[in-house]
Amino acid sequence: MIVSKMVKKSIRWHIQIKSVVLHIILLLGTAISLFPFYWLIVMATRKSSDIFSYPPKLVFGSQLWENIVHVWLAINFFGAFTNTLLVACTETVLVVFFCSLAGFTFAKFTFRGKNPLFVILLVTMMIPSQLSAVPSFVLMARLGWVSSFKALIVPGMVTAFGIFWMRQYASSSVPGELIDAGRIDGCGHFRLYWHIALPVLRPALAFLGIFTFIHAWNDYMWPLIILNDPAKYTLQVALSQLNGIYSTDYGMVMAGALLATIPLLIIFLLGSRHFIANIAAGALKE
Amino acid sequence: MSIMSPPPIMEPPSDAVIPIAIAGARRHSTARHAIPLYLSIAPFYILFAIFGLFPLAFSLYLSFQKWDGIGTMQFVGLHQFTYLLTDAYFWQSIVNTLEIWLLANIPMLTVSVVLAFLLASPLVKLRSFYRIAFFLPHITSLVALAIIFSSLFSNQFGLLNALLTVLRLPRIAWLSDPWGIKIALAAMIFWRSLGYHALIFMAGLQNIPSVLYEAAQIDGATSRQIFARITLPLLRPVILFTVITSTISGMQVFTEPQVLLGNDGGPGRQGMTMVLYLYQQAFANYQFGYGAAIGWGLFAVIALFSLLNWIVVQRPGKHQS
């Protein structure tokens, strides 16, 4: 009895040490993972002379408001912000609509040529988009879409990944009986989609929406190529210009980077639980 | 064709369809019913034809031309490709891209597997907090990230150099040194993709049956043995997936060097990646034909390394089975 108690005690002790070590490692990792955000805020609240001083100032300063005002005076930040919001929201709505409609159709109906069409869709996911950066730009120039948001929105308004994702979700979650019942009641295809599929697909729509929004918000190379008019700049392009021109005014550039990052952090934290679970599951399904 | 091959599947005569349609295939399409179905999937294929397929074909055409984007095109045959193969800057950009990829992804994939293993431990409290904390970098924009890291790695007053000074070590001119530049770029890739990959590995870990772990524990296996003998081998398909996707994205690195170092890739062009070179040639120097040719070179390199990856990661698995 006494021996077994001692063994139990030593095992419990052993597990506790393990748990403490584990959490120390994880907390260290968390600190490294979050430090650049902390540092961004520190720099955004300081003067450039503080940032360039030694020893470095590691706590928040009081210059945030001044830095933000400088950003607003230096570039058309509000314009870039609304441009980005407009592009990202439009693209998100279009992607969610077109991909869920196509994914639902692929998941629940049979029609001639369905399988080859789906294989084509999967193959297109493997083509790197940068390969055709030059001809795509020439095409946009011919269409008269240079410096137009159409060039950012239209090519990406329905994606292979989105359709694939929606098909996977719809095939397991939309009940076939409901579709049949809808059919008997005389529903056409689009009414079946709207009244039966959409309500069930809501969690998948939320994920695809957040995913698309984040990508559209952060997109850089293509907007950099296509937007030549400063009035049409998106946030990322404007931020990169700010960094290029005012590279000595660190505090201001950091305030700009902070302002451009905050909306995304908010959206992510609102939907994080759902989003994180889905992104890993989605990756493994591919 | 051998005699034993199964008979070809015949299209059923039209009157045979009716009982099947009643029995179960209620969603089977007739020509009239199929129209809305094709309309539903059409947008993707139409857009892909215009903005995917056409540029691809046009890219092939362009790569046989010399063109600045404004004047008239001039057919130059294979000249752009022969020039590409002898262009020292292009080869340097391939080497740079690979070096950055290795520096970033080998530590990143290793650490993320270990991190996933730690996070999956039943001892972990507040797991969702850690998941968010490690995933947060992945949604940060690359432009903001490059700006933040430019201050960490700054030659004179960067935080890393301040740390080196505190430790009484000599400062390093990170953003002028050939390896310093690559380490800075690799650090960004590492930081941004670690949590994302750890999450993918965690999902992979959840697919491993817990019976195996319990059996190993009963047999007295240590954590390290369990990790090496059970977790790693069963995680192989997920590892293959992450290696291939991180290779494809690693071959396309653009924003980090462009924002951190500019269109020329910094001192000694040490941060010049393949896609940055394409951008510089096409959109800073207006060599549209050459830019298109670089695009095909890029495609060849990505295809080659994806294949190589696949062979390397696949092979040990075959020995075991």
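The model shown is predicted, which means the values in this text are computed figures rather than measured ones.

Cut-offs applied
Residues numbered from 1 in each chain as written. Chains lettered and ligands numbered in written order. Predicted model: local features only at pLDDT ≥ 70, side-chain atom pairs only at ≥ 80, totals over all residues. Helix = DSSP H or I, 4+ residues; strand = E, 2+ residues; numbered from the N terminus. Buried ≥ 20, exposed ≤ 12 C-beta atoms within 10 Å, placed from the backbone. Contact = placed C-beta atoms within 7 Å. Rg over C-alpha atoms; globule rule 2.2 N^0.38 Å. UniProt positions renumbered as here; feature names shortened; annotations may be inferred. Domains from an automatic or database assignment. Nonpolar A, V, L, I, M, F, W, Y, C, P; charged D, E, K, R; others polar. Core = buried A, V, L, I, M, F, W, Y, C linked by C-beta atoms within 7 Å. Expected span 1.5 Å × (residues − 1). Arc of directions from axis to C-beta. pLDDT = per-residue confidence, 0-100.

### Points about the overall build of chain B
Step number 1: Each helix and strand counted, chain B has 14 helices and two strands in total.
Step number 2: Across the 321 residues that make up chain B, the buried fraction comes to 38%.
Step number 3: Within chain B, contacts between residues separated by at least 24 positions form 67% of all contacts whose residues are at least 6 apart in sequence.

### Let's talk about the overall build of chain A
Step number 1: Within chain A, the regular secondary structure consists of 13 helices and zero strands.
Step number 2: Tracing chain A from N to C terminus, the helices and strands come up as α-α-α-α-α-α-α-α-α-α-α-α-α.
Step number 3: Over its C-alpha atoms chain A spans a radius of gyration of 25 Å, topping by over 25% the 19 Å that the globule rule assigns to 286 residues.
Step number 4: Dimensions of chain A, computed from C-alpha atoms along their principal axes, come out at roughly 85 × 75 × 35 Å.
Step number 5: Contacts spanning at least 24 positions in sequence make up 76% of the contacts within chain A whose residues lie at least 6 apart.

### Some points on the UniProt feature "transmembrane region" (unreviewed entry) in chain A
Residue and element names in this part refer to chain A.
Step number 1: According to UniProt, the positions carrying the feature "transmembrane region" (unreviewed entry) are residues 20–41, 85–106, 118–139, 145–165, 192–214 and 250–270.
Step number 2: Annotation note: span residues 85–106, helix share 100%, strand share 0%, distance between end C-alpha atoms 31 Å.
Step number 3: In this annotation, residues 192–214 is assigned 100% helix and 0% strand; the end-to-end C-alpha distance for the span is 30 Å.

### Brief notes about the domain arrangement of chain B
Step number 1: On domain assignment, one finds that chain B holds domain 1 (14–62) and domain 2 (81–320).
Step number 2: Here the C-alpha centre of domain 2 of chain B lies 39 Å away from the C-alpha centre of domain 1 of chain B.

### Digging into the UniProt feature "domain: ABC transmembrane type-1" (unreviewed entry) in chain B
Step number 1: Under the feature "domain: ABC transmembrane type-1" (unreviewed entry), the UniProt entry names residues 94–309 of chain B.
Step number 2: In the segment residues 94–309 of chain B, helix accounts for 75% and strand for 0%; the C-alpha atoms at its two ends are 16 Å apart.

### Looking at the UniProt feature "domain: ABC transmembrane type-1" (unreviewed entry) in chain A
Step number 1: Per the UniProt entry, the sites bearing "domain: ABC transmembrane type-1" (unreviewed entry) are residues 81–271 of chain A in this numbering.
Step number 2: Along residues 81–271 of chain A one finds 77% helix and 0% strand; the C-alpha atoms at either end are 21 Å apart.

### Points about the interface of chain A and chain B
Step number 1: The interface of chain A with chain B comprises 77 residues on the first partner and 72 residues on the second.
Step number 2: For the side of chain A that touches chain B, the element with the highest residue contribution is helix α13 (residues 250–285) of chain A, accounting for 15 residues.
Step number 3: Across the side of chain A that touches chain B, the residue classes tally to 53 nonpolar, 18 polar and six charged.

### Quick word on the environment of A:Phe164
Residue and element names in this part refer to chain A.
Step number 1: Along the chain, Phe164 falls in helix α8 (residues 160–173).
Step number 2: In sequence terms Phe164 and Ala107 are 57 residues apart; their C-alpha atoms lie 9.5 Å from each other.
Step number 3: Filtering out sequence-adjacent residues up to four positions away, Phe164 remains in contact with Leu121 and Leu122.

### Quick look at the nonpolar core
Step number 1: Core analysis: the biggest nonpolar cluster contains 153 residues, and A:Met166 and A:Ala257 have the highest contact counts within it.
Step number 2: For this core, the element with the most residues is helix α8 (residues 178–206) of chain B, which contributes 16 residues.
Step number 3: Among the domains, domain 1 (14–62) and domain 2 (81–320) of chain B are the pair contributing at least three residues each to this core.

### Re the UniProt feature "transmembrane region" (unreviewed entry) in chain B
Residue and element names in this part refer to chain B.
Step number 1: Feature annotation in UniProt places "transmembrane region" (unreviewed entry) on residues 35–58, 100–120, 132–152, 234–254 and 288–312, given in this structure's numbering.
Step number 2: Secondary structure content for residues 35–58 is 100% helix and 0% strand, and the end C-alpha separation is 31 Å.
Step number 3: Secondary structure content for residues 132–152 is 90% helix and 0% strand, while the C-alpha to C-alpha distance between its ends is 23 Å.

### Some thoughts on unusual backbone geometry
All names here are of chain B.
Step number 1: Positive phi, close to 55 degrees, is recorded for Leu126, a residue that is not glycine.
Step number 2: Along the chain, Leu126 turns up in the loop between α4 (88–119) and α5 (127–139).
Step number 3: You can call Leu126 exposed: it has 11 C-beta atoms within 10 Å.
Step number 4: We note that Arg269 has phi near 50 degrees; this positive angle belongs to a residue other than glycine.

### A look at helix α11 (residues 236–250) of chain B
Residues and elements named next belong to chain B.
Step number 1: The terminal C-alpha atoms of α11 lie 20 Å apart, and with 15 residues this matches the ideal 21 Å at 1.5 Å per residue to within 8%.
Step number 2: Buried within α11 we find Val238, Thr242, Ser246 and Gly250. With its buried residues spanning 90 degrees around the axis, α11 presents them on a single face.

### A look at the confidence of the model for chain B
All names here are of chain B.
Step number 1: Per-residue confidence for chain B gives a mean pLDDT of 85, with 88% of residues at or over 70.
Step number 2: Within the model, the stretch residues 1–26 combines pLDDT values under 50 with six contacts to residues more than four positions away or in other chains.
Step number 3: Predicted complex metrics record ipTM = 0.88 and pTM = 0.87.

### Remarks on the environment of A:Phe268
Step number 1: Within the fold, A:Phe268 resides in helix α13.
Step number 2: In this structure the C-alpha to C-alpha distance between A:Phe268 and A:Phe213, which are 55 residues apart in sequence, comes to 10.0 Å.
Step number 3: Dropping the residues within four chain positions of it, A:Phe268 is found in contact with A:Phe275 and B:Ile139.

### Focus: the environment of A:Ile226
Residue and element names in this part refer to chain A.
Step number 1: Considering the arrangement of structural elements, one finds Ile226 in helix α11 (residues 221–226).
Step number 2: The exposure class of Ile226 is buried, given the 23 C-beta atoms found within 10 Å.
Step number 3: Separated by 50 residues in sequence, Ile226 and Gly176 place their C-alpha atoms 45 Å apart.

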